[in-house]
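The residues making up each chain are set out below.
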Amino acid sequence: MTADTHADDFAQDAALFARMRAMWAAVDPAPADLIDRMVAAIAVEDLGREYALLTLIETEKAAVRGDVETLTLQFSDGTVTVLLHITRTDHGSHRVDGWVDAPTAGVTLVQDGGEHSTEPDANGRFAFDGIGSGMSVVRLTVQATGDDDGQRQFQTPHFEV
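Scoring rules and cut-offs
Numbers given to residues run from 1 along each chain, matching the order in which its sequence is written. With the structure being a predicted model, the display of local features is reserved for residues of pLDDT at least 70 and the display and counting of side-chain atom pairs for 80 or more, all residues being used for whole-chain, interface and lining totals. Each side-chain value is worked out from all heavy atoms of the structure, with water and hydrogens disregarded. Two rings belonging to Phe, Tyr or Trp (six-membered ring only in the last case) form a pair when the distance between their centres is within 6.5 Å. Interplanar angles under 30 degrees mark stacking, angles over 60 mark edge-to-face geometry, and anything in between is tilted. Partly exposed residues are those whose accessible area sits between 20% and 50% of the maximum for their type, while under 20% is buried and over 50% is exposed, using a 1.4 Å probe and protein chains only. Strands are treated as partners if at least two bridges between them are detected by DSSP. The way it works is that DSSP assigns letters per residue, a run of H or I at least four long becomes a helix, a run of E at least two long becomes a strand, and they are numbered from the N terminus. Within this document, salt bridges are pairs made up of a side-chain nitrogen of Lys or Arg and a carboxyl oxygen of Asp or Glu, the two lying within 4 Å of each other. The criterion used for residue contact is that any of the two residues' heavy atoms lie within 4.5 Å. Every residue is assigned a pLDDT by the predictor, reflecting its confidence on a scale from 0 to 100. Patch members must show over 30% relative accessible area and no salt bridge, and they are joined within 9 Å when carrying like charges or within 5 Å when they are nonpolar side chains of Val, Leu, Ile, Met, Phe, Trp or Tyr. The Shrake-Rupley method, run with a 1.4 Å probe, gives the accessible areas here. Residue values count only the displayed protein chains as cover. We count Lys and Arg on the positive side and Asp and Glu on the negative side, and we leave His and both chain ends out. Where a charge sits is defined by one atom per residue type, namely NZ (Lys), CZ (Arg), CG (Asp) or CD (Glu). We call a set of buried residues a nonpolar core when its members are Ala, Val, Leu, Ile, Met, Phe, Trp, Tyr or Cys and they connect through side-chain atoms within 4.5 Å of each other.

## With respect to the packing of aromatic side chains
Throughout the structure, instances matching the rule amount to 2 aromatic pairs. Centre to centre, the rings of F126 and F128 are 5.9 Å apart; their planes meet at 65 degrees, and the pair counts as edge-to-face. The exposure classification of F126 matches that of F128, with both residues buried.

## Regarding the pairing of strand 3 (residues 81-88)
Taken together, the 7 bridges between strand 2 (residues 70-76) and strand 3 define a ladder with antiparallel strand orientation. Bridged to T70 within strand 3 is T87. Adjacent in sequence and paired antiparallel, strand 2 and strand 3 are bridged by 4 residues, among which G78 carries a positive phi angle near 100 degrees. With 7 bridges joining them, strand 3 and strand 4 (residues 94-100) adopt antiparallel strand pairing. The residue bridging L84 from the neighbouring strand is G98, located in strand 4.

## Some points on the pattern of salt bridges
Across all of its chains, the model carries 4 salt bridges by this definition. Across the salt bridge formed by D77 and R152, the nearest N and O atoms sit 3.2 Å from each other. Taken together, the residues span a long stretch of sequence, with D77 in the loop between strand 2 and strand 3 and R152 in strand 9 (residues 151-155) at a distance of 75 residues. The class for D77 is partly exposed, based on a relative accessible area of 24%. In this structure R152 comes out as partly exposed when scored by relative accessible area, which is 33%. One connected set of salt bridges, linked through shared partners, spans R95, D97, R125 and D129.

## A word on the side chain of T156
Along the chain, T156 turns up in the loop between strand 9 and strand 10 (159-160). Exposure remark for T156: the relative accessible area of 1% places this residue in the buried category. Sequence-distant contacts of T156, that is, excluding residues within four places in its chain, are made with F75, V137 and V138.

## Regarding the confidence of the model for the protein
Close inspection of predicted coordinates is inappropriate for parts of the model with low pLDDT. Across the protein, the average pLDDT comes to 82, with 79% of residues at 70 or higher. Segment residues 53-66: pLDDT under 50, and 20 contacts once partners within four positions in sequence are set aside and those in other chains are kept.

## A closer look at a negative patch on the surface
Taken together, the side chains of D4, D8, D9 and D13 define an acidic patch exposed on the protein surface. For D9, the location among the structural elements is in helix 1 (residues 3-27).

## Some thoughts on the environment of E119
When you line up the elements, E119 lands in the loop between strand 6 (114-118) and strand 7 (125-131). Sequence separation between E119 and A105 is 14 residues, and the spatial gap between their C-alpha atoms is 6.4 Å. Apart from residues lying up to four places away in sequence, E119 is in contact with A105 and R125.

## Overview of the nonpolar core
Generally speaking, soluble globular proteins have nonpolar side chains that are buried together. V82, L84, L140 and F159 are the most contacted members of the largest nonpolar core, which totals 21 residues. Looking at this core, the elements with two or more residues in it are strand 2, strand 3, strand 4, strand 5 (104-111), strand 7 and strand 8 (135-143). For V82, the contacting residues outside a window of four places in its chain are L73, Q74, F75, W99, V100, F126, L140 and F154.

Here is the structure:
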């Protein structure tokens, strides 16, 4: 086969696909607002996880506690807000103190090295000690309120400890 033969085959295929596209557009046209509806549906599908609000507040050094580096992160999906305060310990690991404003059955901090799980107290406070450096995610099992008796998962975007 020569380059001309490939070009001819491509041109024939393109013409065939154009005729098929025209036929289907005449027989069963797509709704005029299909693209807008699909974009909205995809955006809403993963809204809780992918579009979680991330606010990053860094502090230089915690002067009251000495030379300890701290980082404060806030995540929210509009119904659940999680505040994380990450502190480097004297031993080189990290302590993660957190607060959640919704009734939560369990909290899990996930890293490549494994998972750390705990339950928040009645005020929504939880903590993890001995956390290594690395990319992390916090997952919460949020208890539904009102008419819905189920549970749902809330997951933060990845952040670095």
